[in-house]
Amino acid sequence: MNTTTFLILLSVFASLSSLVTEGVKHIATDKANLPYNLLTITSALIVGSVGTAVYYYLNAIPFTVSNILCMILMGLAGGLASMVGFDKIRQALEQVSEAKR
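Below is a summary of the structure that appears in this document. In this text the structure is predicted, and so the values were computed from the model without any measurement.

Some points on unusual backbone geometry
In the Ramachandran plot, A60 falls in the positive-phi region, its phi being about 55 degrees despite a non-glycine side chain. Topologically, A60 is positioned in the loop between helix 2 (36–58) and helix 3 (65–83). Look at A60 and you get exposed, because its relative accessible area is 68%.

Here's the deal with the environment of E22
Position of E22 relative to the elements: it lies in helix 1 (residues 3–27). On the basis of relative accessible area, E22 is assigned to the partly exposed category, the value being 37%. A sequence separation of 18 residues divides E22 from T40, and the C-alpha atoms of the two residues are 9.0 Å apart. Side chain to side chain, E22 and K25 meet in a polar contact 3.1 Å long.

Quick look at the pattern of salt bridges
Summed over the entire model, instances satisfying the criterion amount to one salt bridge. A salt bridge links E22 to K25, with the nearest nitrogen and oxygen atoms 3.1 Å apart. Placement of the pair is E22 and K25 together in helix 1, with a separation of three residues, close to one helical turn. Classification of K25 by relative accessible area gives partly exposed; the value is 21%.

Calculation notes
- Residues numbered from 1 in each chain as written.
- Predicted model: local features only at pLDDT ≥ 70, side-chain atom pairs only at ≥ 80, totals over all residues.
- Heavy atoms only, no water.
- Helix = DSSP H or I, 4+ residues; strand = E, 2+ residues; numbered from the N terminus.
- Buried < 20%, exposed > 50% of the residue type's maximum accessible area, 1.4 Å probe, protein only.
- Polar contact = N/O pair within 3.5 Å; in protein donor to acceptor, adjacent residues only side chain to side chain.
- Salt bridge = Lys/Arg side-chain N within 4 Å of Asp/Glu carboxyl O.

Below you can see the structure in the form of structure tokens.
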């Protein structure tokens, strides 16, 4: 995957994960206890990983260990791009540490 393809896929996946997050926020009944940043990361991991897997499948790229790792990293990169801003990333890390307690 070259840099241009990576950036195009990243922008598409970040946009899609933001839309999925907004959709889940509208469907959710318990909005007060819903950690939006964790929801964003989760949806971005799913959208980015599945989207990259579809890209690999359509371009006949084999599913090797390094390509699967790239799928996961694309999901994380899409989550970071969709959250936009250091404050949101810091807040997400705080929410993860609080959830583990």
